[in-house]
Amino acid sequence: MFASELAYSATQGELWVGSHILHLDASHGEQSVIACGAAALFAKLSAVSPEINVQHVFLWQTSTRSEMEYNLEHVKAKMAMLAGTAADEHHEQFAGIEVLAKQIATARGLVVSAPMWNFAVPYVVKQYFDCVLHPGLTFRESTSGPVGLLGGGRPLVVLTSSGGAATKDYLTPWLLDVGAMAGFDRPKVVSAASLVSRDRETVKEAFRQQAEAAAAHLSLCQFDRSAYKPESHELSASCGHEELRSWLESSGGLSLDCLDCLEAAHVNGELFLAAGDADWRDEELGLEEADIARLQELQKLFLELVRQHDE
């Protein structure tokens, strides 16, 4: 769709998949069914991985809503940047958007707490994603559609509820689609419907248990890898396929299927550097678009680190 893309003007160096979980919270308050479920989920995560870094964004908070302001001036700035005609004021206009976009683009996992409003999401959730989803900031275009800027394979947990029976649901498919755009394409949905006609405490307890179980979906046992920033001092173009896999895995953003496939093919440092777009798209590898996009990002980084090693 986009012939060009934005770039982080306020960020220097490479972006990394970090160790933080981003929690986008549009719940109705601390005693709501969704909020109680979220509390149980994060309590479980904290018990399993006390080093976890959860970045909580309460979308109803006044200061947060002011940061999510996205109006026609932002649209004009974006169009100018995409066209390559941006002035300093255009970049200044977009600086706050970059901060929000980077937070989600580099998250290791995403949790969205959002009740159903009129079969869809509360407007603050839509406003947030309108602010952060931009080509070059959170996603890239591919032949099969948008893929996460730092690749895919990252987990998404959606916590949602509805007062009625939710016979129509535009909330869940929409959240799964926009989450996948940013690289969170491993979804887990915990939902509760017909709250007005059920015993609230019974619903709360059932929802709390399901949300707590969903903590395992975030795979936090992997969070002890130096925030997914790979160690570079031992990297060289002559590294073997096992060492390369270890580096790729620590970099984050690649699916387990992709890592297993590269290891089975004995892709070592030299082969990794030499691979082109056609190689990654070879049918025998069978790689997904999100993994291909992330591999191409990591090739550039690997080359830079190898050069530093050889100096």
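The structure contained in this document is the topic of the report that follows.

Criteria and thresholds
- Residues numbered from 1 in each chain as written.
- Predicted model: local features only at pLDDT ≥ 70, side-chain atom pairs only at ≥ 80, totals over all residues.
- Heavy atoms only, no water.
- Salt bridge = Lys/Arg side-chain N within 4 Å of Asp/Glu carboxyl O.
- Helix = DSSP H or I, 4+ residues; strand = E, 2+ residues; numbered from the N terminus.
- Buried < 20%, exposed > 50% of the residue type's maximum accessible area, 1.4 Å probe, protein only.
- Pairing = 2+ DSSP bridges.
- Axes fitted to C-alpha atoms, helices over the stretch in contact; angles between N-to-C directions.
- Contact = heavy atoms within 4.5 Å.
- Phe/Tyr/Trp six-rings, centres within 6.5 Å; stacked < 30°, edge-to-face > 60°.
- Lys NZ or Arg CZ within 6 Å of the ring centre and 35° of its normal.
- Parallel < 35°, antiparallel > 145°, perpendicular 65-115°, else oblique.
- Left-handed = near helix turned anticlockwise from the far one by under 90°.
- Patch = residues over 30% accessible without salt bridge, like charges linked within 9 Å, V, L, I, M, F, W, Y side chains within 5 Å.
- Areas by Shrake-Rupley, 256 points an atom, 1.4 Å probe, with all protein chains shown as cover.
- Lys, Arg positive; Asp, Glu negative; His and termini not counted.
- Charge placed at Lys NZ, Arg CZ, Asp CG, Glu CD.
- Arc of directions from axis to C-beta.

## Observations concerning the pattern of salt bridges
- The final tally for this structure, using the stated rule, is eight salt bridges.
- A salt bridge links E263 to R245, with the nearest nitrogen and oxygen atoms 2.8 Å apart. A residue pair is termed long-range when its members are at least 10 positions apart, and E263 in helix α9 (residues 256-264) and R245 in helix α8 (residues 241-251) qualify at 18 residues.
- Exposure remark for E263: the relative accessible area of 26% places this residue in the partly exposed category.
- Residue E289 pairs with R281 through a salt bridge whose shortest N-O separation is 2.5 Å.
- One network of salt bridges, in which partners are shared, links R245, D260 and E263.

## Concerning the sheet that holds strand β2 (residues 53-58)
- Pairing is parallel across the open sheet formed by five strands, whose spatial order is β2-β1-β3-β6-β7. If you trace the sheet from one side to the other, it starts and ends with β2 and β7 (186-192), each paired once. Strand after strand, the sheet turns through a mean of 15 degrees between neighbouring axes, direction not considered.
- Here strand β3 (residues 109-113) pairs with strand β6 (residues 155-161) via four bridges, running parallel. From the neighbouring strand, L110 faces β6, where its bridge partner is L156.
- Packed onto the sheet, helix α4 (residues 88-105) meets β1 (20-25), β2 and β3 and runs at close to 120 degrees relative to β1.

## Comments concerning the packing of aromatic side chains
- The full count for this structure, using the stated rule, is eight aromatic pairs.
- Judged by centre distance (5.3 Å) and plane angle (85 degrees), the rings of Y128 and F129 are edge-to-face.
- We classify F129 as buried; its relative accessible area is 2%.
- One aromatic cluster in this structure is built from W60, W117 and Y123.
- The ring of F184 has R154 lying over it, and the distance from NZ or CZ to the ring centre is 4.7 Å.
- One cation-aromatic arrangement involves K168 over F119; the distance from NZ or CZ to the ring centre is 5.9 Å.

## Focus on unusual backbone geometry
- Positive phi values are uncommon outside glycine, yet N118 reaches one of about 50 degrees.
- Residue classification places N118 among the exposed positions, given a relative accessible area of 74%.
- One non-glycine residue with positive phi stands out, namely A166, at about 55 degrees.
- Locating A166 in the fold gives a position in the loop between β6 and α6 (171-181).
- Judged by its relative accessible area of 27%, A166 falls in the partly exposed class.

## A look at the packing of helix α3 (residues 72-83) against α4
- At a minimum axis distance of 9 Å, the contact between α3 and α4 shows a crossing angle of 110 degrees. Taken together, the axis directions place α3 and α4 in an arrangement best described as roughly perpendicular. Viewed along their axes, α3 and α4 form a crossing whose handedness is left-handed. The segment α3 lies against α4, with E73, H74, A77, K78, A80 and M81 engaging H90, H91, Q93, F94 and I97.

## A look at a negative patch on the surface
- The grouping of D279, D282, E283 and E284 at the surface amounts to a negative patch.
- Summarising the element assignment, E284 is placed in the loop between α11 (277-280) and α12 (289-310).
- The exposure class assigned to E284 is exposed, which follows from its relative accessible area of 77%.

## What about α6?
- Within α6 the residues assigned to the buried category are L171, T172, L175, V178 and G179. The buried residues of α6 occupy an angular sector of 140 degrees when the element is viewed end-on, so they sit on one face.
- Taken together, the buried residues of α6 touch β3, α5 (123-132), β6 and β7.
- Directly beyond the C-terminal end of α6, a positive phi value near 105 degrees is found at G183.

## Focus: the environment of F184
- Considering the arrangement of structural elements, one finds F184 in the loop between α6 and β7.
- Overall, the relative accessible area of 1% leaves F184 in the buried class.
- Put simply, F184 and G152 are 32 residues apart on the chain and 6.0 Å apart in space, counted from C-alpha to C-alpha.
- Discounting residues that sit within four places of it in the chain, F184 has contacts with I104, A107, R108, G109, L110, R154, P155, L156 and G179.

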